[in-house]
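Here's the letter readout for the chains.
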Amino acid sequence: MKEINASNNLDMYDDPSSYDEEYESYQAEIPLLLKWASITKGTIIDLACGTGRATIPLANEGYKLMGIDIHQGMLDRAKEKSSRMNLKIDWVRQDCTQLNLKTKASLIYTVGNSFQHFLTNENQDALLSSVRNHLIDGGIFIFGTRFPNASELLSSPEEEYVRTYKDKNSQLIVEEYHISEYDALTQIQHNSTIKKYKDSEGEIVKETSSNISLRYVYPKEMERILHKYGLKILHLYKDWNGSPITSVSNEMIYICRKIND
């Protein structure tokens, strides 16, 4: 069993520009978030906001946004992007498990499967406690996490080829490989991404490796956890289009309402 250390789980976020290059174009969550934003009032909180991939589009539609993240580099990148667009967003560096904000929101969300970064029962409890403490009565909490189906939990202890692409900065050809190991006792999957940079002659000139561990939660387990923190499940979807969930889904998208104290 590998030692769980959340502070060592930020490798893939150390280069915010590269992160944006890979993920910024993904906007699947935005229509659903905008739908719920349109029927809420006041500040909207984006937890684990990263570089603002899902914060900036909502702010650009006129909503008041607060983006929270623990990684200063990601927040700096987010500030740079929102400044270029003349958007007023309150970017705050805080641990999502220990939120201490001077506001309560009618809508809080966290996307990009960020829920899986909270690796222990204690981390999950602290996150949901923070969410509850910062939601108004009747407020909405939206989040997504990967569905722990059989194929998702398959381990690949050897390097498994994923894709080949050209790096925009160096113009080198990059071959990407993944290694994964699922620990059924902790429900944590330990993942490594290896990138091999090749010159025009096919010689490897640089190789990088990043690691991330992700916790999987089963639907009935999630139902019990959310109930514990007074979060009633309004909808459970298999994707951000609002499709009904099935036993072979790849994601679980939760729309929850805070039950009054």
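A brief report on the enclosed structure follows. Here the structure is a predicted model, which means the values were calculated and not measured. (Residues numbered from 1 in each chain as written. Predicted model: local features only at pLDDT ≥ 70, side-chain atom pairs only at ≥ 80, totals over all residues. Heavy atoms only, no water.)

### Observations regarding the overall build of the protein
Part 1 of the reasoning: In terms of regular secondary structure, the protein is built from 6 helices and 11 strands.
Part 2 of the reasoning: A compact globule built from 261 residues should have a C-alpha radius of gyration of about 18 Å, and the protein, at 19 Å, falls within 12% of that.
Part 3 of the reasoning: In terms of its C-alpha atoms, the protein occupies a principal-axis envelope of roughly 65 × 45 × 35 Å.
Part 4 of the reasoning: When burial is assessed residue by residue, the protein has 50% of its 261 residues classed as buried.
Part 5 of the reasoning: Counted over contacts in the protein with a minimum sequence separation of 6, partners at least 24 positions apart contribute 64%. (Helix = DSSP H or I, 4+ residues; strand = E, 2+ residues; numbered from the N terminus. Rg over C-alpha atoms; globule rule 2.2 N^0.38 Å. Buried < 20%, exposed > 50% of the residue type's maximum accessible area, 1.4 Å probe, protein only. Contact = heavy atoms within 4.5 Å.)

### Overview of helix H6 (residues 219–228)
Part 1 of the reasoning: Every buried residue of H6 is accounted for by Glu221, Met222, Ile225 and Leu226. Considered in projection along H6, the buried side chains sweep an arc of 130° and stay on one side of the axis. Residues of H6 that are exposed and point more than 90 degrees away from the buried face comprise Lys220, Arg224, His227 and Lys228.
Part 2 of the reasoning: The secondary structure elements touched by the buried residues of H6 are helix H5 (121–133), strand E5 (135–146), strand E9 (204–215), strand E10 (231–237) and strand E11 (251–258).
Part 3 of the reasoning: Of the residues one or two after H6, Gly230 is the one with positive phi, at around 65°. (Arc of directions from axis to C-beta.)

### A look at the pairing of E9
Part 1 of the reasoning: Note: strand E8 (residues 188–198) against E9, 11 bridges, orientation antiparallel. In the sheet register, Asn191 faces E9, and the bridge partner there is Ile212.
Part 2 of the reasoning: In sequence, E8 turns back onto E9 through a hairpin of 5 residues, with Gly202 there showing a positive phi of about 85°. (Pairing = 2+ DSSP bridges.)

### Looking at the environment of Gln98
Part 1 of the reasoning: With respect to the element layout, Gln98 can be found in the loop between strand E3 (90–93) and strand E4 (105–110).
Part 2 of the reasoning: The class of Gln98 is exposed, set by a relative accessible area of 58%.
Part 3 of the reasoning: Taking the C-alpha atoms as reference points, Gln98 and Val162, separated by 64 residues in sequence, lie 36 Å from one another.

### Regarding the pattern of salt bridges
Part 1 of the reasoning: On inspection of all chains with the given rule, the structure shows 10 salt bridges.
Part 2 of the reasoning: Notably, a salt bridge pairs Asp137 with Lys258, separated by 3.5 Å at the nearest N-O pair. In this pair, Asp137 sits in strand E5 while Lys258 sits in strand E11, placing the two residues 121 residues apart along the sequence.
Part 3 of the reasoning: Among the salt bridges present, the one from Lys220 reaches Glu223, with a minimum N-O distance of 3.4 Å. With a gap of 3 residues between them, Lys220 and Glu223 both fall in helix H6, about one helical turn apart.
Part 4 of the reasoning: Linked through salt bridges whose partners overlap, the residues forming this network are Arg77, Glu80 and Arg84. (Salt bridge = Lys/Arg side-chain N within 4 Å of Asp/Glu carboxyl O.)

### Considerations on the nonpolar core
In a soluble, globular protein the nonpolar side chains are often hidden away together inside.
Part 1 of the reasoning: Judged by nonpolar contacts, the single largest core of 28 residues is most densely connected at Leu47, Ile68 and Phe141.
Part 2 of the reasoning: Excluding its chain neighbours within four sequence positions, the residues that come into contact with Ile68 are Ile45, Asp46, Leu47, Ala48, Cys49, Val92, Gln94, Cys96, Leu99 and Leu101. (Core = buried A, V, L, I, M, F, W, Y, C linked by side-chain atoms within 4.5 Å.)

### Some words on the environment of Leu119
Part 1 of the reasoning: With respect to the helices, strands and loops of the structure, Leu119 is situated in the loop between E4 and H5.
Part 2 of the reasoning: Residues Leu119 and Ser170, 51 residues apart in the sequence, show an inter-C-alpha distance of 35 Å.

### Some words on the pairing of E5
Part 1 of the reasoning: Pairing of E4 with E5, which is carried by 5 bridges, proceeds in the parallel orientation. Its bridge partner being in E5, Thr110 is matched across the sheet by Phe143.
Part 2 of the reasoning: In this fold, E4 hands off to H5, which returns the chain to E5; that crossover is right-handed.
Part 3 of the reasoning: Where E5 and E11 come together, 7 bridges link them in antiparallel fashion. Bridge pairing in E11 places Thr145 opposite Met252. (Right-handed = clockwise from strand over helix to strand, strands pointing away.)

### What to know about the sheet that holds E8
Part 1 of the reasoning: The antiparallel open sheet is built from 4 strands, whose spatial order is E6-E7-E8-E9. The sheet terminates laterally at strand E6 (156–166) and E9, the two strands that pair on one side only. In this sheet, adjacent strand axes meet at a mean angle of 20° when their direction is disregarded.
Part 2 of the reasoning: As judged from the 11 bridges shared by strand E7 (residues 173–183) and E8, these two strands associate in the antiparallel manner. If you follow Glu175 over to E8, its bridge partner there is Lys196. (Axes fitted to C-alpha atoms, helices over the stretch in contact; angles between N-to-C directions.)

Such coordinate-based values are descriptive only and should not be taken to indicate function.
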